[in-house]
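Structure assessment
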Amino acid sequence: MEQTIIKGLPVGICIVNSKGEVRCLNDRWFSYLEFDGEQETLIGQKILEIFWIPRQIKIGVQKLLNQKKGSFVFSEIQLDELYIKAKGIYIDNSVIITLDDISVTKKVQFESLKKILRAQEMERRKIAKELHDGIGPLLSASILQLDTFMLETKNENLLSVKEILEDVSTEIRNISHNLLPATLMDFGLVKAIELLVEKLNNKAKCSFNFYAKGHFLELEKQTSLNIYRIIQELINNVVRHSEARNCFVQLIEHEETILLTVEDDGIGINDFSTLSNNKRKGIGFRNLRSRVQILEGTIHIDTAENKGLLTTIEIPLPYNFDET
Amino acid sequence: MIKVLVVDDHKVFREGIATLLEKQENIEVVALSGNKQEMYNALNQYLVDIILMDITIGKENGIEITKELTDNFSDIAIIALSMHNETNYILEMIEAGASGYLLKDTGSHELCEAINTIYNGGNYFRGEVAKAMLDRLRNKQHPQNTKKSNIPLSKRETEVLKLIVDEFSNQEIANELFISIRTVETHKRNLIEKLDVKNTTGLVKYAIKNKIVNLD
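Rules used throughout
Residues numbered from 1 in each chain as written. Chains lettered and ligands numbered in written order. Predicted model: local features only at pLDDT ≥ 70, side-chain atom pairs only at ≥ 80, totals over all residues. Helix = DSSP H or I, 4+ residues; strand = E, 2+ residues; numbered from the N terminus. Rg over C-alpha atoms; globule rule 2.2 N^0.38 Å. Buried ≥ 20, exposed ≤ 12 C-beta atoms within 10 Å, placed from the backbone. Contact = placed C-beta atoms within 7 Å. Domains from an automatic or database assignment. Nonpolar A, V, L, I, M, F, W, Y, C, P; charged D, E, K, R; others polar. Pairing = 2+ DSSP bridges. Axes fitted to C-alpha atoms, helices over the stretch in contact; angles between N-to-C directions. Parallel < 35°, antiparallel > 145°, perpendicular 65-115°, else oblique. Left-handed = near helix turned anticlockwise from the far one by under 90°. Arc of directions from axis to C-beta.

Notes on the overall build of chain A
Counting secondary structure elements, chain A contains 10 helices and 10 strands. Here the C-alpha radius of gyration of chain A, 28 Å, is well above what a compact globule of 324 residues would show, namely 20 Å. Here chain A holds 324 residues, and the buried ones make up 29% of them. Excluding contacts between residues fewer than 6 apart, the proportion of contacts in chain A whose partners are at least 24 apart in sequence is 56%.

Listed below in structure tokens is the structure:
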């Protein structure tokens, strides 16, 4: 009876006695961990010595065996393509470990993240276009009318009104540009980053350099936009926090990937926990991670106190090319 | 009389410009066009000296239209009148053949001055537009872009390259520069791709040939 229940459970399960020896387990446990040996050979073996069991689970089990009470949850263990949720609990001198396949949930999460970011960009694009093409020209027209009126009546009293309108017009252009750089859509990724760097070099203390090698015009629009936003965020961080004097941004196409590196000679980061604890910086970093995740890329940060900071982002290529 | 045609997809703006220009004694606005087709219709009907051309004309592109016009109507001068103040638009418009570039919020005085200057055979690039062009020019002459070799290397890349020449292993380079092995590998991969060589030996050759290192 007990065996039948364990066999039929919709989760992978393994029960270990107080000495850490495997007492029983089911097929699902095997299939999740991709072990294709005989079940029986494992009965009686020490779980901590079974090499193909993920390290996290072993650490959890070890802890429960030592404490002789309590429980653990690992909400996400990645095993190749599979995402597993692992739970363990100490009951009756045994540890019961369950594994749950959460790949579908993960996939849904990933897809919804993609949709959220896409929707956010669409909304931004809409607002930017309305500001730039809708309100912009109306403002320009009113400035011109006012100008004409002032010339005709030789009346200078309205000069300050005109100046305010001109400021509003400039401001609208800036907002629209931040929401969606028109250059990116019309001239592509490389030109857009050149412009970003050029603008910063005119006002920031840090001197920016940009080097690109590859066929970035062929990238899908959404991919270009994501890479642009990633670079924007990284560059902003350099300007705001690094105290760097030089920053080198590179976008290089390799055979199968794009390597994006942002290298600065600033103060670096001593302790990474400050990055995630700081709320404002934290949000920027989270957004950055989401974008990298959508591009199926990886982030690597290398830094030490006063040794500058290098962020490397590697993005796989074939998926991101525009096939139309 | 200078005969002007205004091409812009916003009616309010076209008409605003017309009202303004009609007050000038030597300027006549012959037609207002909201798209490319209307513009060609007007060109068939009237003699035109100068076209004031928007860049984003609904779904049509003022830069493309300008190219078409300079190829086919060499006697018509084109002044871009746009919301875009980004360098790329300005440069593309000049390349397409525009004789002047004005931002839509420039005053009526500049607009008339531009029309008169260009009618008399000149060009008109002032204020923000001239500044954007200068910035691009200065950036091209940025010191780091004009090193001995024309491929710019970052500070770290140069350091890594020097250590490679000195026969340091990845691990030794990592220790020397306080960076991870993975970062050393990233720099190496980028160097190989940038300098268009096949392997580490190629990097060493490049470094010596371009005097990035001095051999004693």
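Quick look at the environment of A:Asp36
Residues and elements named next belong to chain A. Locating aspartate 36 in the fold gives a position in the loop between α2 (27-33) and α3 (55-67). By the C-beta count within 10 Å, which is 7 here, aspartate 36 ends up exposed. In this structure, the C-alpha to C-alpha distance between aspartate 36 and isoleucine 53, residues 17 residues apart in sequence, is 13 Å.

A closer look at the domain arrangement of chain A
Residues and elements named next belong to chain A. What the domain assignment reports for chain A is domain 1 (2-101), domain 2 (103-180) and domain 3 (183-324). Contact with domain 2, which involves five residues of that partner, is made by six residues of domain 3. Of the residues belonging to the side of domain 2 that touches domain 3, the class tally is two nonpolar, no polar and three charged.

Regarding the pairing of strand β4 (residues 82-91) of chain A
Residues and elements named next belong to chain A. As judged from the seven bridges shared by strand β3 (residues 71-79) and β4, these two strands associate in the antiparallel manner. Bridging across to β4, serine 71 finds its partner in isoleucine 89. Taking the residues between adjacent antiparallel strands as the criterion, β3 and β4 are bridged by two residues, where aspartate 80 takes a positive phi near 50°. When β4 meets strand β5 (residues 94-101), the two strands line up antiparallel, connected through eight bridges. Across the sheet, isoleucine 91 pairs through a bridge with serine 94, a residue of β5.

Quick word on unusual backbone geometry
With a phi close to 60°, A:Glu296 is a non-glycine residue in the positive phi region. Looking at the element boundaries, A:Glu296 is found in the loop between α10 (279-294) and β9 (298-303). Residue classification places A:Glu296 among the exposed positions, given that 12 C-beta atoms sit within 10 Å. Backbone geometry at B:Lys211 places phi at a positive 55°, although glycine is not the residue there. When you line up the elements, B:Lys211 lands in the segment after α10 (200-209). Under the C-beta neighbour-count criterion, B:Lys211 is labelled exposed, with 10 such atoms within 10 Å.

Describing the domain arrangement of chain B
By domain assignment, chain B separates into domain 1 (2-140) and domain 2 (145-209). One C-alpha centre belongs to domain 1 of chain B, the other to domain 2 of chain B; they are set 49 Å apart.

Here we look at the sheet that holds strand β7 (residues 246-253) of chain A
Residue and element names in this part refer to chain A. If you walk across this open sheet you meet the five strands as β6-β7-β8-β10-β9, and the pairing is mixed. The open sheet is flanked by β6 (207-213) and β9, the only strands paired with a single partner. Neighbour-to-neighbour, the strand axes of this sheet turn through a mean angle of 10°, independent of strand direction. Bridging between β9 and strand β10 (residues 309-316) involves six bridges; their strand directions are antiparallel. Across the sheet, threonine 303 pairs through a bridge with leucine 309, a residue of β10.

Looking at the packing of helix α4 (residues 103-153) of chain A against helix α1 (residues 11-22) of chain B
As a packed pair, α4(A) and α1(B) sit with axes 9 Å apart at the nearest point and diverge in direction by 15°. Regarding the angle of α4(A) to α1(B), the classification is roughly parallel. The hand of the α4(A)/α1(B) crossing is left-handed. Facing A:Pro137, A:Leu138, A:Ser140, A:Ala141, A:Leu144, A:Gln145 and A:Thr148 of α4(A), the residues of α1(B) in contact are B:Val12, B:Phe13, B:Gly16, B:Ile17, B:Thr19 and B:Leu20. Classifying every residue of the contact of α4(A) with α1(B) gives eight nonpolar, five polar and no charged.

Brief notes about helix α7 (residues 155-165) of chain B
For α7(B), the full list of buried residues reads B:Arg156, B:Glu157, B:Val160, B:Leu161 and B:Ile164. Burial along α7(B) is one-sided: seen end-on, the buried residues are contained in an arc of 135°. Buried positions along α7(B) lie against β8 (257-264) and β10 of chain A together with α8 (170-177), α9 (181-194) and α10 of chain B. Taken from the residues just after α7(B), B:Glu167 is the one with a positive phi, measuring 65°.

Overview of the interface of chain A and chain B
Chain A puts 43 residues into the contact, and the matching count from chain B is 37 residues. By residue number, the principal contributor to the side of chain A that touches chain B is α4(A), which donates 14 residues.

Digging into the environment of B:Asn26
All names here are of chain B. Here asparagine 26 shows up in the loop between α1 and β2 (27-33). Here asparagine 26 falls in the exposed class, since 10 other C-beta atoms lie within 10 Å of it. C-alpha of asparagine 26 to C-alpha of asparagine 116: the two residues are 90 residues apart in sequence and 9.0 Å apart in space. Setting aside chain neighbours within four positions, we find asparagine 26 in contact with Met1 and Ile2.

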